[in-house]
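Here's the letter readout for the chains.
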Amino acid sequence: MFNFFLIRSSLLVISNLTLTLLIGLLSQPTFAQSNPNSKAPKSCNNQNTQLLEISLDTTLNQFLTISNLMTNQEMGLANLIKTIGEQTIVAVNNSPNPWPTIHERARLAKVPIIMYHDILPKKKVSFDVTVKQFEKHLELIKKNGVTPISLDKLIQHLRTGKPLPAKPIVLTFDDGYIGHYQIVYPLLKKYNYPAVFSVYTDKIEGKIVGRSTLTWEQLQEMAANPLVTIASHSVTHPKDLTKLSDRELQQELLKSKQILQNKLGRKIRYFTYPEGKYDERVSAWIKVAGYEAALTMKKNKNIFSNQSKSLLAIDRFGQSGLKKAIAQTYEGLQLPPWKLGFDFNSQIIKNQVSPEGIPLVLISGGKPITIHADSRYQVKDIVTKNQAIAGVDGVFFSLEKLDSNKVIGPIFSQNTKKFVPGDSYDNNKLKNRPLVLISENKVDFIPFNSERHNTIKGLQKEMPNLTDAFVGAAFLVRNSQPQPPETFGELFKFNEPRHRAFWGIHRSGQPMIGVSYKRVGSVKLGQLLAQVGFREAVMLDSGASTSLVYQGKSLVRYTPRPVPHIVALVPPKSTSKSTCVVAKY
């Protein structure tokens with residue numbers, strides 16, 4: 001998520017760095033040379049003084065602007081970018097969350113961690129897996145295009161929201177059985193799949209007698225392979241760490257890590273709670289021991305890693321849940337990182353995410369246009385007729401006649417190249433609603449004013465090379481910030497849970513259209529779209545009109561109301577990159 005709250009917290013860091021720079025400048029030799037008592041040549045003094053004044057002036061201006069933004073969010077993201085530069089903001093946006101929290105963008109993905117125990121020719125207990133079953137699991141993963149990833153890569157994703165390969169999954173094996181070396185390890189090398197092996201040291205050292213166990217020599221061989229990550233699983237594998245004293249916890253967590261590091265000659269960064277049991281006190285000891293993350297489990301409950309409480313309690317699937325994991329694994333939004341301007345030259349793709357449990361279907365890329373039909377039709381028919389790749393229902397329209405294409409407010413679409421003014425009765429109700437202006441290389445979203453915006457000349461004053469214009473239902477996101485209830489004015493039942501349609505510009509600069517699969521209020525929808533990464537989002541006609549089409553197929557689960565107007569995405573005219581104008585915010 002890239003909203004004001006992230007900016008504000010990041011600006012605290014930036015402003016502190018700026019202040020540190022300012023203090024540093026004052027302590028530099030250049031400043032000392034500007035002292036009248038300095039023995040440096042006068043010309044040098046003058047030159048250095050001028051340089052210092054320029055440096056101080058720039059730094060002070062940046063510091064004051066940042067401070068102003070922290071107290072005046074209306075200053076806007078665009079002004080911030082102009083002041084401190086795109087690269088600084090990009091760096092801030094890609095920085096990790098405070099440890100051990102999980103990044104908001106990572107919450108949009110679904111990465112299952114599969115938990116195995118013993119792999120052997122014949123099962124002895126219910127959670128064992130036979131060799132044949134395990135090989136079928138690996139084939140199932142391969143057949144479905146699932147990508148096993150390392151725990152390192154997953155942790156980086158959970159901390160920073162960094163994109164992952166398609167259909168990611170993590171394989172883990174607990175306890176340190178001989179089958180992990182004799183069966184699992186060769187198969188991992190055959191398929192080139194990474195995995196995590198969690199071992200408790202007393203088992204490896206033969207102090208706990210029971211089922212088969214790895215030797216130190218075997219574990220050392222495995223640990224030397226880049227496919228393998230070794231995690232600590234304690235010293236003695238107690239049934240419930242929460243029942244231990246602090247001294248016992250220190251022994252189980254710190255000593256096991258020390259032994260593994262000494263024996264294997266590599267850093268042990270992760271811990272796996274025996275039987276998944278932990279509490280805040282146990283997690284506190286995980287921090288003290290220097291682990292970067294910890295794996296847990298819940299009996300009879302499969303939870304994706306992205307839905308975990310924190311990096312100190314990353315949930316897993318039991319191996320019996322592999323088919324569900326394969327069916328639902330999702331790498332998250334596959335969009336370029338945040339950047340200035342617009343990108344109307346990208347491939348058109350479909351994504352589905354569920355922030356806070358609300359399913360959203362999103363289609364991004366291509367070039368945005370609007371289509372004003374001559375009557376009311378299904379969105380699918382309008383999209384197909386105009387050879388668009390995707391489309392969503394557009395502006396509010398008159399319900400007086402079934403064959404009318406009259407919309408609410410002024411409208412201009414490139415398919416008709418005709419401007420149709422809104423009538424005075426409707427226009428009076430549209431004050432400050434989002435006026436959407438589209439050209440070949442940019443989009444503006446500005447508050448509608450009927451005195452200025454009800455003529456084609458008035459619209460062209462805002463955007464001279466205008467190709468499309470209409471008035472949307474409401475601002476959902478502005479300058480990457482979700483809009484509060486008071487901004488919706490007198491919009492009828494704006495916060496009533498309904499299926500909703502929307503479109504806007506993503507932080508990647510790409511246009512994005514979409515609908516909610518679950519009924520949701522407008523305020524909550526704006527919050528969700530800010531999480532997804534919209535920098536600007538506008539609500540379209542919703543409820544019974546809500547419709548989304550992609551590659552000739554309707555993506556809603558009902559028959560929507562026919563509409564006369566849509567926002568569509570069409571393939572870019574050229575795949576070559578061009579410099580786009582930055583929108584006015």
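Residues numbered from 1 in each chain as written. Predicted model: local features only at pLDDT ≥ 70, side-chain atom pairs only at ≥ 80, totals over all residues. Heavy atoms only, no water.

*Asks:* I keep staring at the overall build of the protein chain and nothing clicks. Help me out?
*Replies:* A count of helical and extended segments in the protein chain gives 18 helices and 27 strands. A burial count over the protein chain gives 55% of its 585 residues as buried. By element, 52% of the accessible surface of the protein chain is carried by carbon and sulfur atoms, the whole surface being about 26700 Å². (Helix = DSSP H or I, 4+ residues; strand = E, 2+ residues; numbered from the N terminus. Buried < 20%, exposed > 50% of the residue type's maximum accessible area, 1.4 Å probe, protein only. Areas by Shrake-Rupley, 256 points an atom, 1.4 Å probe, with all protein chains shown as cover.)

*Asks:* Teacher, can you tell me more about the sheet that holds strand 20 (residues 474-478) here?
*Replies:* Consider a sheet: its strands pair through backbone hydrogen bonds, and that pairing is either parallel or antiparallel. In space, the 7 strands of this open sheet follow the order 11-12-23-22-24-20-21, with antiparallel pairing throughout. Where the open sheet ends on each side, the last strands, each with one partner, are strand 11 (349-353) and strand 21 (481-482). Bridging between strand 12 (residues 360-364) and strand 23 (residues 511-516) involves 5 bridges; their strand directions are antiparallel. Of the residues in strand 23, the one forming a bridge with L360 is S516. (Pairing = 2+ DSSP bridges.)

*Asks:* Please clarify how the packing of helix 6 (residues 131-143) against helix 8 (residues 178-191) should be interpreted in this entry.
*Replies:* Where helix 6 contacts helix 8, the axes come no closer than 11 Å and their chain directions differ by 20°. As the angle between them shows, helix 6 and helix 8 are arranged roughly parallel. The element helix 6 and its partner helix 8 pack so that their crossing is right-handed. Seen from helix 6, the contacting residues are V131, F134, E135, L138, E139 and K142; seen from helix 8, they are I183, V184, L187 and Y191. Partitioned by chemical class, the residues of the contact of helix 6 with helix 8 number 7 nonpolar, no polar and 3 charged. (Axes fitted to C-alpha atoms, helices over the stretch in contact; angles between N-to-C directions. Parallel < 35°, antiparallel > 145°, perpendicular 65-115°, else oblique. Left-handed = near helix turned anticlockwise from the far one by under 90°. Contact = heavy atoms within 4.5 Å. Nonpolar A, V, L, I, M, F, W, Y, C, P; charged D, E, K, R; others polar.)

*Asks:* Even after reading the chapter, I still don't get the pattern of salt bridges, so can you show me in this structure?
*Replies:* Any two side chains of opposite charge can pair if their charged atoms end up close together. Tallied over the entire structure, the rule returns 16 salt bridges. Note that D174 is salt-bridged to R316, the shortest N-O span being 3.0 Å. You can see D174 sitting in strand 5 (residues 168-175) and its partner R316 sitting in the loop between strand 9 (293-295) and strand 10 (317-318), a full 142 residues away along the chain. For D174, a relative accessible area of 2% corresponds to the buried category. A relative accessible area of 2% places R316 in the buried class. One salt bridge connects K207 with E205, and the closest N-O pair in it is separated by 3.4 Å. (Salt bridge = Lys/Arg side-chain N within 4 Å of Asp/Glu carboxyl O.)

*Asks:* Explain the sheet that holds strand 26 (residues 553-554) to me, please; I cannot follow it from the model alone.
*Replies:* Spatially, the 5 strands line up as an open sheet ordered 13-27-14-25-26, and their pairing is antiparallel. Sheet topology places strand 13 (367-377) and strand 26 at the edges, where each strand pairs with a single neighbour. As judged from the 7 bridges shared by strand 13 and strand 27 (residues 563-570), these two strands associate in the antiparallel manner. Within the sheet, the bridge partner assigned to I371 lies in strand 27 and is I566.

*Asks:* What is the right way to read the packing of aromatic side chains from this model?
*Replies:* Remark: the centre distance and the inter-plane angle together describe each pair of aromatic rings, the angle taken between the planes. The final tally for this structure, using the stated rule, is 14 aromatic pairs. Aromatic pair F271 and Y291: ring centres 5.3 Å apart, planes at 55°, arrangement tilted. Of this pair, F271 sits in strand 8 (residues 270-272) while Y291 sits in the loop between helix 12 (280-289) and strand 9, placing them 20 residues apart in sequence. Each of the two residues, F271 as well as Y291, counts as buried. Aromatic side chains F445 and W503 sit 5.6 Å apart centroid to centroid with 50° between the ring planes, which places their arrangement in the tilted category. Of this pair, F445 sits in strand 18 (residues 443-447) while W503 sits in strand 22 (residues 501-506), placing them 58 residues apart in sequence. Of the two residues examined, F445 and W503, each falls in the buried class. Three or more aromatic residues joined by ring pairs make a cluster, and in this case those are Y116, F134, F173 and F197. One residue, R478, lies across the ring of F475, its end atom 4.1 Å from the ring centre. (Phe/Tyr/Trp six-rings, centres within 6.5 Å; stacked < 30°, edge-to-face > 60°. Lys NZ or Arg CZ within 6 Å of the ring centre and 35° of its normal.)

*Asks:* What's the story with the pairing of strand 12 in this structure? I'm lost.
*Replies:* Here is the key point about a regular strand: its side chains alternate between the two faces of the sheet. Most of strand 12 is tucked away: 5 of the 5 residues are buried. Taking every second residue as pointing to the same face, both faces of strand 12 are buried, with L360, L362 and S364 on one and V361 and I363 on the other. Counting the residues between successive antiparallel strands, the hairpin from strand 11 to strand 12 contains 6 residues, one of them, E356, with a positive phi of roughly 55°.

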